Amino acid sequence: MTEKTVNHGRFITIEGIEGVGKSTNLAFVQRMLTDKGLDVCITREPGGTTLAEQLRELLLTQRKEGMVDDAELLLMFAARADHIARVIRPALQRGAWVVSDRFTDATYAYQGGGRGIAVQRIDQLKHWVQGDLQPDLTLLLDAPVALGLQRVGKRGKKDRFEKEAEAFFNRVRAAYLALAQQSPQRFRVVDTSRNLATVQASIAAIIDEFSKSAPPADA
């Protein structure tokens, strides 16, 4: 008799431009899920594995010669391939809830919307690297670009992406909002221009609703 493998893992991603509070609210989501007694795996992109973190350093470090857009895109997916194989899929297979600071939507927003790389080219890499893997829920933390960059300016030294012009982030934000409109069943847009307590009350309601829709761990 073949043993049936039951997978109740869920994949949540947190997206948004710089300065929208991803790190703060990722920690909040982690606490919520842990308090529910769930096995929670927190990770990030680019990053999450030794190799992917090294690629992250290449991607975020400002260099005199710059970086060709295609190289940036390919490095993002190289990091993602290792991340999926070593962290995301194994965690989901054991039934964990994976919460990632960014995933492929960020590539469509930054390299697609921001850099202007054709969506079709990103699609090809997406299907090659992740197959049918897709987040079950995506929290898009949204705020006006000027506010986000103002918050970033208070954090100290900026990385290569944070140094981009406001027009770049306007394109990124527009791409994110377009993705949310295209996939309303997966995306939940949260206005993070409001105070933190109000933002986290909205997030808590979303997570509570989503967690109730998941099969029980002993099903």
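Residues numbered from 1 in each chain as written. Predicted model: local features only at pLDDT ≥ 70, side-chain atom pairs only at ≥ 80, totals over all residues. Heavy atoms only, no water.

## A few points about empty space enclosed by the protein
Evaluation of the coordinates by the stated rule reveals one cavity of 30 Å³ or more. In this model, the largest cavity occupies a volume close to 40 Å³. What lines the largest cavity is simply Phe103, Thr104, Asp105, Tyr108, Lys126, Gln134, Pro135 and Arg186. The element that contributes the greatest number of residues to the lining of the largest cavity is helix H4 (residues 104-114), accounting for three residues. (1 Å grid on protein atoms, 1.4 Å probe; cavity = no way out; pocket = protein on both sides within 12 Å on 5 of 7 lines; lining within 4 Å. Points joined across faces, edges and corners; volume = space filled by probe spheres on them. Helix = DSSP H or I, 4+ residues; strand = E, 2+ residues; numbered from the N terminus.)

## Notes on H4
For H4, a buried count of ten out of eleven residues is recorded, marking the element as mostly surrounded by other parts of the structure. Taken together, the buried positions of H4 are Thr104, Asp105, Ala106, Thr107, Tyr108, Ala109, Tyr110, Gln111, Gly112 and Gly114. Looking at the buried side of H4, the elements it contacts are strand S1 (10-15), helix H3 (69-93), helix H5 (119-130), strand S4 (137-142), helix H7 (166-182) and strand S5 (187-191). Gly116, located one to two residues past H4, shows a positive phi value of around 90°. (Buried < 20%, exposed > 50% of the residue type's maximum accessible area, 1.4 Å probe, protein only. Contact = heavy atoms within 4.5 Å.)

## Some points on unusual backbone geometry
In this chain, Glu45 is followed by Pro46 through a cis amide linkage whose omega measures -15°. Its location among the elements puts Pro46 in the loop between strand S2 (40-44) and helix H2 (50-60). The phi torsion at Arg102 lies on the positive side, around 80°, for a residue other than glycine. With respect to the helices and strands, the residue Arg102 is situated in the loop between strand S3 (97-101) and H4.

## Let's talk about the confidence of the model for the chain
When pLDDT is averaged along the chain, the result is 92, and 93% of the positions lie at 70 or above. Predicted confidence for residues 1-6 stays below pLDDT 50, and this span has one contact to residues more than four positions away or in other chains. (pLDDT = per-residue confidence, 0-100.)

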